[in-house]
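# Summary of structural features
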Amino acid sequence: MCPLVLELQKRDFLDMRICVSGQHAHMLQQVLDIFQVVPDYNLQIMTEKQTLFDITTRALNSLRSVLLEYAPDIVLVHGDTTTAFAAALAAFYLKIDVGHVEAGLRTHNIYSPFPEEYNRQVISVVTKYFFAPTQAAARNLLEEGRRAENIFVTGNTGIDALRYTIRDDYHDELLDWAQGSRLLTITAHRRENIGEPLYHMLRGIRRIFDYYPDVKAIYPVHLNPQIRQVAADVFGDCDKIRLVEPLDVVEFHNVMARSYLILTDSGGIQEEAPSLGKPVLVMRDTSERPEGIAAGTLRLVGTSTEAIYQSCAALLDDPEEYRRMSVAINPYGDGYAAAHIADALVKLTAPS
């Protein structure tokens, strides 16, 4: 959302307030500092061992007073997080128009990813203005009966963020450690994968190190204690992988840019990595980004140990297959989604 915030700040016609939930407070502050964004409201909802019940109710109750105080014409929410769902619901209860950034993504399986697929479908029910990243996302919305005049295909603001973060002269200790190796970047944190699926996924990656001596990996491990335990169990004695704290967005984007390939169960990385020319193996059974799979920038590999190992090995063994994935056209926009969204908002809110 930060590129959009920076773009909206340039538009004199628009008056904007920034509200953050405060979930994952430390990681949030890193992003705010990098983009020099100062929130007007911080709900500070984070609690120890928070559940979806905690996040939803705390965000919903806190947002009521914020929206009553500021009385906006439009509430913008991004993506498919539980706080985005709570913000859209709070705006609906107060009969405030909702604008959904990154609208229209679908797997059509309400439990995959969980709870994100539910969140984005329900946000669409109360949304008035849809800012879809791709034509395919716009088609999903049209098929659900959303009004065509309220749908804007803009690209994804996550691609915009790369213009602020990628640096030619970047280096750090992690990259020094990986120098001379083919570097894998790993993220794995989906709720539905926690437990046995995560063990299977990480064991598939562990097998790679046994057969490819020139491969190393960096895995920024999510703060969830269950995820950390699995990562420690599988990789604790392996010197080919660095288990590190979550990286800030500049660190992470620049590590991705210097990686050989990416293994992830995340969403946004499926868009960011192809923009950097990096093949992505998606460790999930479904993806809400079929455009990337069709374009050849992504490959859906599931969560089994064997499938992940074989898919990774294929790209390590076959230079031509690797080349095809790394040069495929990224379908997620021109890097100026924030400007397209801001232009639309100016027109939508201009006095008639």
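Refer to the structure printed above.
Note that the coordinates shown come from a computational prediction; the quantities given were computed from them, not determined experimentally.

## Description of the pairing of strand β3 (residues 74-78)
In terms of strand pairing, β3 meets strand β4 (residues 97-101) through 5 bridges, oriented parallel. Bridge assignment links V75 to a residue of β4, and that residue is V98. Viewed along the sheet, the connection from β3 through helix α4 (residues 82-93) into β4 turns out right-handed.

## What about the nonpolar core?
L202, I205, I208, Y219, L261 and L263 are the most contacted members of the largest nonpolar core, which totals 36 residues. Of all the elements in the fold, those that place two or more residues in this core are β7 (182-187), α9 (196-211), β8 (215-220), α10 (225-235), β10 (261-264), α14 (305-317) and α15 (319-327). Residues within four places of I205 in sequence aside, it is in contact with I186, F235, L263, M283 and I308. The next biggest cluster of nonpolar side chains, apart from the first, holds 30 residues, and it includes F35, V37, A161 and L298.

## Focus on the packing of aromatic side chains
Inspection of the entire model under this criterion finds 9 aromatic pairs. Here the aromatic rings of F92 and Y93 are separated by 6.1 Å at their centres, their planes lie at 45°, and the arrangement is tilted. Measuring from centroid to centroid gives 5.6 Å for F131 and F152, while their planes differ by 25°, and the two rings are stacked. Within this pair, whereas F131 is found in strand β5 (residues 129-132), its partner F152 is found in strand β6 (residues 151-153), the two being separated by 21 residues in sequence. Residue classification places F131 among the buried residues on the basis of a relative accessible area of 0%. Among the aromatic side chains, those forming a connected cluster through ring pairs are F209, Y219 and F235. A cation over an aromatic ring shows up here: R242 above the ring of W177, its NZ or CZ 5.3 Å from the ring centre.

## Focus on the environment of R146
When you line up the elements, R146 lands in the loop between α6 (135-143) and β6. Along the primary structure R146 and F130 are separated by 16 residues, whereas in three dimensions their C-alpha atoms are 8.8 Å apart.

## Observations concerning the environment of M1
If you trace the backbone, M1 turns up in the segment before α1 (2-8). Sequence separation between M1 and A338 is 337 residues, and the spatial gap between their C-alpha atoms is 8.5 Å. With residues up to four places along the chain from it excluded, the contact list for M1 reads L76, V77, H78 and V101.

## Structural notes on the sheet that holds strand β11 (residues 280-282)
Sheet architecture is open: 6 strands sit in the order β9-β8-β7-β10-β11-β12, paired in parallel fashion. Only two strands of the sheet have a single neighbouring strand rather than two, namely β9 (241-244) and β12 (298-300). Taken over all neighbouring pairs, the strand axes of this sheet differ in orientation by 20° on average, direction set aside. Alignment of β7 against β8, held across 4 bridges, turns out to be parallel. Across the sheet, residue L184 finds its bridge partner in β8, namely A217. Here helix α11 (residues 249-257) sits on the sheet and contacts β7, β8 and β10; the angle it forms with β7, its principal contact strand, is near 135°.

## Some remarks on α6
Regarding α6, the residues found buried are A136, A137, A138, N140 and L141. Residues of α6 that are buried sit in contact with α5 (116-126), β5, β6 and α13 (290-295).

## Quick word on the sheet that holds β6
Here 4 strands make up an open sheet; going across it, the order is β3-β4-β5-β6 and the pairing parallel. A strand with exactly one partner marks an edge of an open sheet, and here the two such strands are β3 and β6. Averaged over all adjacent pairs, the angle separating strand axes in this sheet is 15°, with direction ignored. Strands β3 and β4 of the sheet are contacted by α4, whose axis makes an angle of about 160° with β3. Against the sheet, α6 engages β5 and β6, with an angle of about 165° to β6.

## Some points on unusual backbone geometry
For the bond from S112 to P113, the omega torsion is -5°, close enough to zero to count as cis. Residues F114 and P115 are joined by a peptide bond in cis, for which omega reads 0°. Within the fold, P115 resides in the loop between β4 and α5. Even without being a glycine, Q44 presents a positive backbone phi close to 50°. As for its position among the elements, Q44 is in the loop between β2 (41-42) and α3 (52-70). Its relative accessible area of 59% is what places Q44 among the exposed residues.

## Digging into the packing of α3 against α4
It is at 8 Å that the axes of α3 and α4 come closest, and there the two elements cross at 40°. In terms of orientation, α3 lies oblique with respect to α4. Two packed elements cross with a definite hand, and for α3 against α4 that hand is right-handed. On the side of α3, the interface is formed by L52, I55, T56, A59, L60, L63 and L67, while α4 contributes T82, T83, F85, A86, A87, L89, A90, A91 and Y93.

## With respect to the pattern of salt bridges
Taken as a whole and judged by the stated rule, the model has 25 salt bridges. Salt-bridge contacts for R120 lead to D80; the nearest nitrogen and oxygen are separated by 2.6 Å. With R120 in helix α5 and D80 in the loop between β3 and α4, this pair connects stretches of sequence that are 40 residues apart. For the pair R120 and D80, a shared accessibility class is recorded, and that class is buried. The partner of R190 in a salt bridge is E116, and the shortest N-O contact between them spans 2.7 Å. Of the two residues, R190 sits in the loop between β7 and α9 while E116 sits in helix α5, which places them 74 residues apart along the sequence. Taken individually, R190 and E116 each receive the classification buried, so the pair is uniform in this respect. What you see here is one network of salt bridges that share partners, running through D80, E102, E117, R120, E271, R284, E288 and R289.

Scoring rules and cut-offs
Residues numbered from 1 in each chain as written. Predicted model: local features only at pLDDT ≥ 70, side-chain atom pairs only at ≥ 80, totals over all residues. Heavy atoms only, no water. Pairing = 2+ DSSP bridges. Helix = DSSP H or I, 4+ residues; strand = E, 2+ residues; numbered from the N terminus. Right-handed = clockwise from strand over helix to strand, strands pointing away. Core = buried A, V, L, I, M, F, W, Y, C linked by side-chain atoms within 4.5 Å. Buried < 20%, exposed > 50% of the residue type's maximum accessible area, 1.4 Å probe, protein only. Contact = heavy atoms within 4.5 Å. Phe/Tyr/Trp six-rings, centres within 6.5 Å; stacked < 30°, edge-to-face > 60°. Lys NZ or Arg CZ within 6 Å of the ring centre and 35° of its normal. Axes fitted to C-alpha atoms, helices over the stretch in contact; angles between N-to-C directions. Parallel < 35°, antiparallel > 145°, perpendicular 65-115°, else oblique. Left-handed = near helix turned anticlockwise from the far one by under 90°. Salt bridge = Lys/Arg side-chain N within 4 Å of Asp/Glu carboxyl O.

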